Amino acid sequence: MPVPSSRPPRQVTGLRAEPAIARTELSWRSLGFEPLIDHYRVHAVRGAHGPFEPDGANLVGKTVYPQLTHHVDPRGETWTYRVVAVSDAGRTARPSGVLVASSVASVVGTGLPVATIGDFDARTLEHRFAPAGYAQIPAAYPGAVIELEQGVDSPADSWPYLLPGPGDAWAGRKAYTARWRLPLPAAPAADHDLALWLVDTTRLGGTLRVAVNGSALADVALPPGGTRGSREGDATVPGTALVRSYHELPVPAGRLREGENTIELVLADGGWVAWDAVGLFARR
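> Before we move on, can you summarise the sheet that holds strand β6 (residues 78–87) with the specific residues and values?
What holds strands together in a sheet is hydrogen bonding between their backbones, with the strands either parallel or antiparallel. The strand order across the open sheet formed by four strands is β4-β3-β6-β7, and the pairing between neighbours is antiparallel. Each edge of the open sheet carries a strand with a single partner, namely β4 (59–63) and β7 (99–102). On average, adjacent strands in this sheet sit at an angle of 30° to one another, irrespective of strand direction. Pairing analysis gives nine bridges linking strand β3 (residues 37–46) to β6, with the strands arranged antiparallel. Note that in β6 the partner of histidine 39 across the bridge is valine 86.

Shown next as structure tokens:
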């Protein structure tokens, strides 16, 4: 067997960040194979700072790849990062330079809620049949159409925690529609935002087709998930296998009107989505 090199790894360089809602995607240049890198340690402190000393208290993740996803508060956070390479002999490199990065703030934190279905809390538990009664959905909605009228119906009575899709044999391989009817006291003068937070999706991913008042708004590409949200309803549990995702869409003011409005969500392909919450937000 090869003998591990006694040389320490080189310092990590090229540290960069790609901000997103509830996470920051970190990447850096790979150090190659001489010496062989066992893993990288990512350290971070909250806020904008200069160089800090990496230690066990500020370790936020380990990875064998030159990249890591750091999950943060969906309402937006700023962190300062450093990365340390560790060789297969256990030798550590000098810490990288610092990188200050801010995630994208969700409209849930920046906007004013106009109407919501559920709580933005990483749980499905307030929705119908949660956390594991998915087998009841096909019988309750034989036409594959789910409807909720804002101010009249509750999520516990009218909005199942899963929206099935064509990839779900147990639900008849149908593209289910979730139809949300919500009244507005007046036609808005400014654009709004639609927040679609998911607790989990299946490994199939999929496409969620969004329409407002009968006109297409967007096709949302769903990432592969943990495929556990049909049986587990709380993504805040430490070590959870649930894979949350966040999708936020601008809704032009002209697409909304005084009186009743209808937002339709159709799972056009892929497997089910597990709802955290859905909300329409006015901009501050």
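> I'd like a rundown of the packing of aromatic side chains, residues and numbers included.
Under the definition given, this model contains six aromatic pairs. Centroid distance tyrosine 134 to tryptophan 170: 5.1 Å. Interplanar angle 70°. Geometry classified as edge-to-face. Here tyrosine 134, found in the loop between β8 (112–117) and α2 (137–140), pairs with tryptophan 170, found in the loop between β10 (162–163) and β11 (177–184); they are 36 residues apart in sequence, far enough to count as distant. Between tryptophan 197 and tyrosine 246, the ring centres sit 4.9 Å apart and the planes meet at 90°, which makes this aromatic pair edge-to-face. Of the two residues, tryptophan 197 is situated in strand β12 (residues 192–201) and tyrosine 246 in strand β15 (residues 245–251); the sequence distance between them amounts to 49 residues. Look at tryptophan 197 and you get buried, because its relative accessible area is 1%. Given the relative accessible area of 14%, tyrosine 246 is considered buried.

Conventions and cut-offs
For every chain, the first residue of the written sequence is number 1, and numbering continues from 1 onward in sequence order. Where local features are concerned, this predicted model is filtered to residues with pLDDT of at least 70; where side-chain atom pairs are given and counted, the filter is 80 or more; whole-chain, interface and lining totals use all residues. Only hydrogens and water are set aside when side-chain values are computed; all heavy atoms of the structure are taken into account. Criterion used throughout: strands pair if DSSP finds at least two bridges between them. For helices the rule is a DSSP run of H or I covering at least 4 residues; for strands it is a run of E covering at least 2, with both sets numbered from the N terminus onward. All axes here are fitted lines through C-alpha atoms, helices being fitted over the stretch that makes contact, and every angle between N-to-C directions spans 0 to 180 degrees. Centres within 6.5 Å are what make two rings of Phe, Tyr or Trp a pair, Trp counting through its six-membered ring; a difference in plane orientation under 30 degrees is then read as stacked, over 60 as edge-to-face, and the rest as tilted. Think of it in three bands: with a 1.4 Å probe and only protein chains considered, a residue is buried below 20% of the maximum accessible area for its type, exposed above 50%, and partly exposed in between.

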